[in-house]
Amino acid sequence: QVQLVESGGGLVQAGGSLRLSCAASGSIFVINAMAWYRQAPGKQRELVAHITSGGNTNYADSVKGRFTISRDNAKNTVYLEMNSLKPDDTAVYYCNADVNTGTVYYTDYWGLGTQVTVSS
């Protein structure tokens, strides 16, 4: 089994910054892509940022220029640096990883989420 544990969420004023971390552990052979998603109350879960094993990234239009995704492959960890936060960024942020545990398949794993609240 694989576990993803997010940390770094909290309450911040508009214009502030937060850094989220997500560490993967367990029966990991290799991790392919990693990503951050978010879900605000009453809304669908949406992709925030995505990073491949080679470091290629893409972002939701709403966070481009403000958020930066990065990863440390040696630590099986992905980060999300969030700057110039807005109240609309308030959501539960979820980590996602595409993991191979030693078989021919990759499996999607999710963390339990971390709350980010941005006050106006």
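This one's a predicted model, so the numbers in the text were calculated from it and none came from an experiment. (Residues numbered from 1 in each chain as written. Predicted model: local features only at pLDDT ≥ 70, side-chain atom pairs only at ≥ 80, totals over all residues. Heavy atoms only, no water.)

A. Up close: the overall build of the chain. The helix and strand inventory of the chain stands at zero helices and eleven strands. Ordered by position from N to C terminus, the α and β elements of the chain give β-β-β-β-β-β-β-β-β-β-β. Taking 14 Å as the expected radius of gyration for a compact globule of 120 residues, we find that the chain reaches 14 Å, a close match to that expectation. With the principal axes as the frame, the chain shows a C-alpha extent of 45 × 25 × 25 Å. Per-residue burial over the chain gives 40% buried out of 120 residues. Counting only contacts in the chain whose residues sit at least 6 apart along the sequence, the fraction spanning at least 24 positions is 54%. (Helix = DSSP H or I, 4+ residues; strand = E, 2+ residues; numbered from the N terminus. Rg over C-alpha atoms; globule rule 2.2 N^0.38 Å. Buried < 20%, exposed > 50% of the residue type's maximum accessible area, 1.4 Å probe, protein only. Contact = heavy atoms within 4.5 Å.)

B. Fine view of the side chain of Thr-114. Looking at the secondary structure, you find Thr-114 in strand β11 (residues 114-119). Using a relative accessible area of 12% as the deciding quantity, one classes Thr-114 as buried. Among the polar contacts made by the side chain of Thr-114, one reaches the main-chain amide nitrogen of Gly-9 at a distance of 3.3 Å. In this structure Thr-114 touches Glu-6, Gly-9, Leu-20, Ala-91, Val-92 and Tyr-93, once residues within four positions along its chain are discounted. (Polar contact = N/O pair within 3.5 Å; in protein donor to acceptor, adjacent residues only side chain to side chain.)

C. Inspection of the state of the cysteines at higher detail. Inspection of the entire model under this criterion finds one disulfide. Linked covalently through their sulfurs, Cys-22 and Cys-95 form a disulfide whose S-S length is 2.1 Å. The disulfide joining Cys-22 to Cys-95 has a torsion of about -80° about its S-S bond and is therefore left-handed. Of this pair, Cys-22 sits in strand β3 (residues 18-26) while Cys-95 sits in strand β9 (residues 91-100), and the two are 73 residues apart along the sequence. (Disulfide = S-S within 2.5 Å.)

D. Quick peek at the sheet that holds strand β8 (residues 77-82). Sheet architecture is open: four strands sit in the order β1-β3-β8-β7, paired in antiparallel fashion. Bordering the open sheet on either side are β1 (2-7) and β7 (67-72), each of which pairs with just one other strand. For this sheet, the mean angle separating the axes of adjacent strands, direction not counted, is 15°. (Pairing = 2+ DSSP bridges. Axes fitted to C-alpha atoms, helices over the stretch in contact; angles between N-to-C directions.)

E. Here's a closer look at the layout of surface pockets. Estimated volume of the largest pocket: approximately 160 Å³. Split by residue class, the lining of the largest pocket holds four nonpolar, three polar and four charged. (1 Å grid on protein atoms, 1.4 Å probe; cavity = no way out; pocket = protein on both sides within 12 Å on 5 of 7 lines; lining within 4 Å. Points joined across faces, edges and corners; volume = space filled by probe spheres on them. Nonpolar A, V, L, I, M, F, W, Y, C, P; charged D, E, K, R; others polar.)

F. Layout of a nonpolar patch on the surface. On the surface, Phe-29, Val-30 and Tyr-106 cluster together into a nonpolar patch covering about 320 Å² of accessible area. Examined against the element boundaries, Tyr-106 turns out to sit in the loop between β9 and β10 (107-110). (Patch = residues over 30% accessible without salt bridge, like charges linked within 9 Å, V, L, I, M, F, W, Y side chains within 5 Å. Areas by Shrake-Rupley, 256 points an atom, 1.4 Å probe, with all protein chains shown as cover. Salt bridge = Lys/Arg side-chain N within 4 Å of Asp/Glu carboxyl O.)

G. Molecular detail of the packing of aromatic side chains. Taken as a whole and assessed by the stated rule, the structure comprises one aromatic pair. The residue whose ring lies beneath Arg-45 is Tyr-94, and the NZ or CZ to ring-centre distance is 3.8 Å. Its end group placed over the ring of Trp-110, Arg-45 keeps NZ or CZ at 4.8 Å from the ring centre. (Phe/Tyr/Trp six-rings, centres within 6.5 Å; stacked < 30°, edge-to-face > 60°. Lys NZ or Arg CZ within 6 Å of the ring centre and 35° of its normal.)

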